[in-house]
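As a plain string of letters, each chain reads:
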Amino acid sequence: MPRILLPIITIVIASLMLAYSNILSAIVSPHLLDVKYNTLSAPAQKQVKCLAENIYFESADEPDEGKLAVAFVTLNRTRHKNFPRSVCEVVTQKTNSTCQFSWFCLVKDKTPRNDEMFTKILDMASFIYVNYDKIDDPTSGALFYHADYVNPRWKNLNPITTIGRHIFYVPKDI
């Protein structure tokens with residue numbers, strides 16, 4: 001085989017593999033939108049910022065799957081009849097005087113301390129917010145969670161899964 005053919009054959013095979021990979025990824029995860037925070041409308045940015053703050057203050061030290069899980073609980077609540085419809089209302093919701101997400105009552109300065117991490121979480125939150133219906137929920141529909149080092153003694157909830165340092169729950173009546 002002439003030496004000139006080897007690079008050409010390699011390029012052709014690489015191109016075919018890339019085309020196959022693109023087709024396969026379209027089948028496996030079709031229509032996922034790659035979005036960035038600054039490309040969203042102002043109302044969507046407001047909701048995404050609330051989602052990002054919740055992810056940041058609840059799970060910044062967790063692996064990405066843990067951050068995704070916190071985002072899903074927040075978004076799952078917006079679709080459930082017992083919770084507010086907007087992300088910001090879910091994040092700031094109180095029952096009596098108890099915050100649903102403890103950081104909201106406990107953290108005085110709600111400015112994220114790690115700008116680089118928050119920027120990454122903001123883009124992650126944008127992606128999840130836009131693609132929520134197209135991404136598999138790692139919590140299987142959970143509406144509640146707590147850190148594994150606390151014991152809230154919830155009686156009306158079933159544990160579903162543990163991701164990172166959080167245990168996720170659904171109501172027993174679901």
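Placed above this text is the structure.
Criteria and thresholds
Residues numbered from 1 in each chain as written. Predicted model: local features only at pLDDT ≥ 70, side-chain atom pairs only at ≥ 80, totals over all residues. Heavy atoms only, no water. Helix = DSSP H or I, 4+ residues; strand = E, 2+ residues; numbered from the N terminus. Contact = heavy atoms within 4.5 Å. Core = buried A, V, L, I, M, F, W, Y, C linked by side-chain atoms within 4.5 Å. Buried < 20%, exposed > 50% of the residue type's maximum accessible area, 1.4 Å probe, protein only. Pairing = 2+ DSSP bridges. Axes fitted to C-alpha atoms, helices over the stretch in contact; angles between N-to-C directions. Expected span 1.5 Å × (residues − 1).

Novice: What is the right way to look at the overall build of the protein chain in this model?
Specialist: The helix and strand tally for the protein chain stands at six helices and five strands. Moving toward the C terminus, one meets the helices and strands of the protein chain in the order α-α-α-α-β-β-α-α-β-β-β. Considering only contacts within the protein chain whose residues lie at least 6 apart along the sequence, 59% involve residues at least 24 apart.

Novice: Please explain the nonpolar core as it appears in this structure.
Specialist: The nonpolar side chains of a soluble globular protein tend to be buried, and buried together. Counting residues in each nonpolar core, the largest one holds 40 residues, and the members touching the most others are L51, I55 and F168. Residue assignment for this core shows that the elements contributing at least two residues are α2 (42-59), α3 (64-78), α4 (87-92), α6 (115-131), β3 (144-147), β4 (157-163) and β5 (166-171). I55 has contacts with A60, K67, V70, A71, I121 and A125, leaving out every residue within four places of it along the chain.

Novice: Mind showing me how you'd approach the sheet that holds β3 here?
Specialist: In a beta sheet, neighbouring strands are held together by backbone hydrogen bonds and run either parallel or antiparallel to one another. On the basis of which strands lie adjacent, the open sheet formed by three strands has the order β3-β5-β4 and antiparallel pairing. Two strands in the sheet have a free side with no partner beyond their single neighbour: β3 and β4. The mean inter-strand angle of the sheet, taken between neighbouring strand axes irrespective of direction, is 30°. Two strands pair when backbone bridges link them, and β4 and β5 are joined in this way by six bridges, in the antiparallel orientation.

Novice: What's the story with α2 in this structure? I'm lost.
Specialist: Since the α-helix packs 3.6 residues into each turn, any two residues three or four apart lie on the same face. Its 18 residues place the ends of α2 25 Å apart at the C-alpha level, agreeing with the 26 Å of an ideal helix rising 1.5 Å per residue. Every buried residue belonging to α2 is among A44, Q47, V48, C50, L51, A52, E53, N54, I55, Y56, E58 and S59, and all of these are buried. Residues of α2 that are buried in the fold lie against α3, α4, α5 (102-106), α6, β3 and β5.

Geometric values such as these leave the question of function open.
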